[in-house]
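Remarks on the overall topology
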Amino acid sequence: MTFTALLIFAVVLGVGACATSLGVRAKVLDETTRTAAVAARQTYEVVSKGPPTGTLPVRGVGFLQVVTPEGRVVAASPEATGQPAISDLWPTDGDSRVDGTSCTASPGGGQACFIVVGFQNSRSSYGNVMVYAAEPEPPLLASNILEIALAFFSLALLTLLGWGTWRVVGRTLEPVKRIRAEMAEITGTSNLSRRMTVPDGADEMTELTETVNATLDRLEQALENQRRFASDASHELRTPLTGLRTKLELALADPEGDDPQRTMRSALADAERLQAIVDDLLMLARLDAGVQDSPEWINLADLVTTEVKRRPSRHKILTRLKPDVAVQGNRLQLSRLLINLLANADRHAADEVEVYVGSEGEEAVLEVTDDGLGIPPDQRERVFERFTRLDSARGRDAGGTGLGLPIARDIAAAHRGRLYAADNTDGRGARLVLRLPLSTGGPI
């Protein structure tokens, strides 16, 4: 990645150097040509008025000549006196100006080059002549010194940038290498209780390390929940399976020793318990996977009325239902949530269960209360843990799977709602409260 960035920068730097060279050369050539053109035009005006009494006056450019078509110099500035014609360029296509470069041998050897600008004067006192002004070619145009300087500057800048990038990237990636090494050790030993060393300071590396540690916390918690869930699930499944197997083995060992119908009814009860546990596990798997069907408009009062009539209950069920309290959600899942709350209340109630539906602000409220022993305040969150049954629940009824309330809370969370245990108004029994976002629209 660093090499690619340097390569791109080198290309950009090379293009910039070339553009700079071309721009400087064009600027210098334009300035030199303009100076020569001004001098040639002023000399043109002098020659147009008549032949000069002596040499041509200097006009900012020392090399001035008036040349005939035959190449004879008829007038010149002091510097150009006695010199051959600086140029033999003559205009074409009706133009009166020529621009060019002329090189002559220099006394010390080599050659001297000039930027030449000439104007044709066909009405001068000398007849048809060319008035030339020549300016020595600047060193920047005569040699490659500019390109060499730009090349050395670009190379030095690229070298400095590469070294600086290497140092900065190396120091920046050093903590990343340390984090990678520590993560490799953690994953290699499967020791998720270990955490990364948080560096001093408040920079991005510190935030990254803290984020990694938080991820490890969640991963460790998830793995622990998974292990506990697997252990509890195996235990819950083993109990009815063991009972079922024991009953069948006893029946086979002594066919005449017990009532067959009684044995089959007992075996059927164990099979039903197994089926309930498996159904709950499948529901939890769907909720954990985030599987959701298309939401629909649901009237909570109608939902409660339907489920209360459909489900048999051991106790009297009272309802206080406010009409037109609606939510958006999955009808089957919300029905399952309500059934779990009713089953829990019916299991622990002494005489009656009450269901309330109303609204508070932007939330729909559904409450299920019973007149049983209630839930101790320090156990109100624990009852929503999977396979958790309080001692009072175990003593009164062993038919629960320990998954009813956890499933209900997961369904509430999937519908952007909350399910929690609260104080009962009369101080007796349990009160479970469901809050869901109200639906302002009508049926879909």
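Predicted, not measured: the structure shown is a model, and the values here were computed from it.

For the protein, the count of helices and strands is nine helices and 12 strands. Put simply, 60% of the contacts in the protein that link residues at least 6 apart link residues at least 24 apart. About 26,000 Å² of surface is accessible on the protein, with carbon and sulfur atoms providing 57% of the total.

If you walk through the whole model with that rule in mind, you get two aromatic pairs. Relative to F119, the ring of Y44 lies with its centre 6.5 Å away and its plane at 65 degrees, an arrangement referred to as edge-to-face. Of the two residues, Y44 is situated in helix α1 (residues 2–49) and F119 in strand β4 (residues 111–124); the sequence distance between them amounts to 75 residues. Ring centres of F63 and F114 lie 5.3 Å apart, and the angle between their planes is 40 degrees; this geometry places the pair in the tilted category. You can see F63 sitting in strand β1 (residues 63–67) and its partner F114 sitting in strand β4, a full 51 residues away along the chain. The same class applies to F63 and to F114, which are both buried. For the cation-ring pair, R41 lies above F119, with the distance from its terminal atom to the ring centre recorded as 4.2 Å. Here the guanidinium or amino end of R409 rests over the ring plane of F384, the centre of that ring lying 3.9 Å away.

Taken N-terminus to C-terminus, the directions of helix α6 (residues 300–310) and helix α7 (residues 331–348) make an angle of 60 degrees; their axes are 10 Å apart at the nearest point. The angle between α6 and α7 falls in the class oblique. Pair α6 / α7 crosses with right-handed handedness. The segment α6 lies against α7, with L303, V304, E307 and V308 engaging R331, L334, S335, L338, I339 and L342. Residue composition of the contact of α6 with α7, grouped by class: seven nonpolar, one polar and two charged.

Turning our attention to the environment of Y420. Relative to the elements of secondary structure, Y420 occurs in strand β11 (residues 418–422). Residue class for Y420 comes out partly exposed when judged on its relative accessible area of 24%. Sequence separation of Y420 and V383 is 37 residues, and the distance between their C-alpha atoms is 9.7 Å. Sequence-distant contacts of Y420, that is, excluding residues within four places in its chain, are made with F384, R409, R431, L432, V433 and R435. In this structure the side chain of Y420 is engaged in a polar contact, spanning 2.9 Å, whose partner is the side chain of R435.

A word on a nonpolar patch on the surface. A contiguous nonpolar surface patch, about 270 Å² in accessible area, is contributed by L7, V11 and V15. Here V11 is to be found in helix α1.

This part covers the nonpolar core. Counting 41 residues, the largest nonpolar core has L341, L366 and V368 as its most contacted members. Sorting the residues of this core by element identifies α5 (260–288), α6, α7, β9 (352–360), β10 (363–370), α9 (404–414), β11 and β12 (431–437) as the ones contributing at least two each. Of all the elements, α7 adds the most residues to this core, at six residues. Residues within four places of V368 in sequence aside, it is in contact with L341, L342, A345, V353, E354, V355, A430, R431 and L432. A36, A39, V66 and V117 belong to the second largest nonpolar core, which has 16 residues in total.

As a further point, take the pattern of salt bridges. Scanning the model with the defined rule gives 14 salt bridges in all. Between R314 and D346 there is a salt bridge whose closest N-O contact spans 3.8 Å. Highlighted residues: R314 in the loop between α6 and β7 (316–321) and D346 in helix α7, separated in sequence by 32 residues. A network of salt bridges, in which partner residues are shared, links E360, E363, R418 and R435.

Taken together, D203, E204, E207 and E210 make up a surface patch of like negative charges. Considering the arrangement of structural elements, one finds E204 in helix α4 (residues 204–253).

Of note, the phi angle at D324 is positive, near 65 degrees, even though the residue is not glycine. Secondary-structure assignment places D324 in the loop between β7 and β8 (326–329). Under the relative-accessibility criterion, D324 is labelled exposed at 68%. Positive phi, normally seen in glycine, also occurs at R416, with a value near 60 degrees. With respect to the element layout, R416 can be found in the loop between α9 and β11. Accessibility expressed as a relative area gives 66% for R416, which makes it exposed.

Scanning the entire structure with this criterion turns up one disulfide. With its sulfur 2.0 Å from that of its partner, C103 forms a disulfide with C113. On the sign convention where negative means left-handed, the S-S torsion of about 100 degrees between C103 and C113 marks this disulfide as right-handed. Remark: C113 occurs in strand β4 and C103 occurs in strand β3 (residues 97–105); sequence separation between them is 10 residues. Overall, the relative accessible area of 38% leaves C103 in the partly exposed class.

Each value, and the rule that gives it
Residues numbered from 1 in each chain as written. Predicted model: local features only at pLDDT ≥ 70, side-chain atom pairs only at ≥ 80, totals over all residues. Heavy atoms only, no water. Helix = DSSP H or I, 4+ residues; strand = E, 2+ residues; numbered from the N terminus. Contact = heavy atoms within 4.5 Å. Areas by Shrake-Rupley, 256 points an atom, 1.4 Å probe, with all protein chains shown as cover. Phe/Tyr/Trp six-rings, centres within 6.5 Å; stacked < 30°, edge-to-face > 60°. Buried < 20%, exposed > 50% of the residue type's maximum accessible area, 1.4 Å probe, protein only. Lys NZ or Arg CZ within 6 Å of the ring centre and 35° of its normal. Axes fitted to C-alpha atoms, helices over the stretch in contact; angles between N-to-C directions. Parallel < 35°, antiparallel > 145°, perpendicular 65-115°, else oblique. Left-handed = near helix turned anticlockwise from the far one by under 90°. Nonpolar A, V, L, I, M, F, W, Y, C, P; charged D, E, K, R; others polar. Polar contact = N/O pair within 3.5 Å; in protein donor to acceptor, adjacent residues only side chain to side chain. Patch = residues over 30% accessible without salt bridge, like charges linked within 9 Å, V, L, I, M, F, W, Y side chains within 5 Å. Salt bridge = Lys/Arg side-chain N within 4 Å of Asp/Glu carboxyl O. Core = buried A, V, L, I, M, F, W, Y, C linked by side-chain atoms within 4.5 Å. Lys, Arg positive; Asp, Glu negative; His and termini not counted. Charge placed at Lys NZ, Arg CZ, Asp CG, Glu CD. Disulfide = S-S within 2.5 Å.

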